[in-house]
Amino acid sequence: MKRKVISVLLCTAMVATMAAGCGSSAKETEAAATAAATDAATEAPAATEAATTEAAAATEAADTTDGGSDEGGNITVGFSQVGAESDWRTANSESMKSTFSKDNGYELIFDDAQQKQENQITAIRNFIQQEVDYIVLAPVTETGWDTVLQEAKDAAIPVIIVDRMVDVSDDSLYTAWVGSNFELEGKKASAWLKAYADAKGMKEINIVDIQGTIGASAQIGRTKGLADAVEANGWNLLAAQTGEFTQAKGQEVMESMLKQYDNINVVYCENDNEAFGAIDAIEAAGKTVGVDGDILVMSFDSTNAGLTDTLSGKIVCNTECNPLHGPRVEEIIQKLEAGESVEKEQYVDEEIFANPSEVTSINVDGTDYPVTVMTQEVLDSRAY
């Protein structure tokens, strides 16, 4: 549904032009249209209003040659995705594509930014030029969005942020945000480690943090959750280095850390793909993972592959980051279409999974959270 601003006079003139009939010259037609519009405005206001509405509707329905509309008048959504760096991101993209399909009444313009903010800024400007109805942004980093989001606001296009947050000078530059509480995720994982260490009588925690992309909301929140727990519990944080949320980089970082430290007994990976790489590096170095091994590997996201490794015991704790944002974003869009207000921040529901089974619940800031023991039945029931 392209956004059009059509004046009453122009619409009335268009209707009058059609009334003048075929075969008139351009000047005669223009004169007839002008006269008809004047008469309609002064002598029949009600008829003018009806004609204006009819002409505007006809214009919008017929105008499908460019921009954000298709032949069916679908709602057009421009989605700028970070990239395809992880299994989580793939599931997130699929959720958006399946939700905003033509069968569901949408036209989705999908753009893969390949991990570059400048590509996302270009994509947003293209969306504005195409006059999309809504812009959905999964930002690479939190900062650097004020200018382009102001451009979207000036074009009267609502912007919905998903996954990572944006740090802007004016919150009105975006309509709503949908995603996870990343710091809470970090607190949950750390609370599980504390409870497990207490249950097993672990005297010393020598931990390394394979961080996500520096500056991303998930990295900021998960890193802080761990850092606070390290300080509170007296754990020994040996090193923290970005694995960029990828398996290859996670493996590279783990290989380097293993060469520097021979006493690592916990690896805190800030997503599943980094955990896969870390496990490969640990095993290649002749060490073992799991509760009966040399090193405990913790992870985030709870993708199918990540939970498969949790089921096998290679990952001992996996804190969910729900990627299925499509339905929640659609709910926001439908409310906006109906003229309703929406909440500024909307969190998705998330769980925490573990194998072993010693810890069945954790407490974070006075709230109890159940810990799901990983089984094949649990894995088979997952939506992603």
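None of these values were measured; they are calculated from a predicted model.

Regarding the environment of Glu185
So, step 1. Mapping Glu185 onto the fold places it in helix α7 (residues 182-200).
So, step 2. Sequence-wise, Glu185 and Val364 are 179 residues apart; in three dimensions their C-alpha atoms are separated by 10.0 Å.
So, step 3. Look past the residues within four positions of Glu185 in its chain and what remains in contact with it is Ser180, Arg222, Phe300, Thr319, Glu320, Cys321 and Glu350.

Structural notes on the pattern of salt bridges
So, step 1. Counting across every chain of the model gives 20 salt bridges.
So, step 2. Salt-bridge contacts for Lys200 lead to Glu358; the nearest nitrogen and oxygen are separated by 3.7 Å. Here Lys200, found in helix α7, pairs with Glu358, found in the loop between β12 (352-354) and β13 (361-364); they are 158 residues apart in sequence, far enough to count as distant.
So, step 3. Put simply, Arg222 and Asp301 hold a salt bridge, and the shortest N to O gap is 3.5 Å. Of this pair, Arg222 sits in helix α8 (residues 217-233) while Asp301 sits in strand β9 (residues 296-301), and the two are 79 residues apart along the sequence. Here Arg222 matches Asp301 in class, with each residue buried.

Examining helix α11 (residues 304-312)
So, step 1. Along α11, the residues that are buried comprise Gly306, Leu307, Asp309 and Thr310. The buried residues of α11 occupy one face: seen down the axis, they fall within an arc of 155 degrees.
So, step 2. Contact partners of the buried residues in α11: α10 (272-284), β10 (317-320), β12 and α13 (376-380).
So, step 3. Phi turns positive, to about 95 degrees, at Gly313, one or two residues after α11.

Thresholds, definitions, all that
- Residues numbered from 1 in each chain as written.
- Predicted model: local features only at pLDDT ≥ 70, side-chain atom pairs only at ≥ 80, totals over all residues.
- Heavy atoms only, no water.
- Helix = DSSP H or I, 4+ residues; strand = E, 2+ residues; numbered from the N terminus.
- Contact = heavy atoms within 4.5 Å.
- Salt bridge = Lys/Arg side-chain N within 4 Å of Asp/Glu carboxyl O.
- Buried < 20%, exposed > 50% of the residue type's maximum accessible area, 1.4 Å probe, protein only.
- Arc of directions from axis to C-beta.

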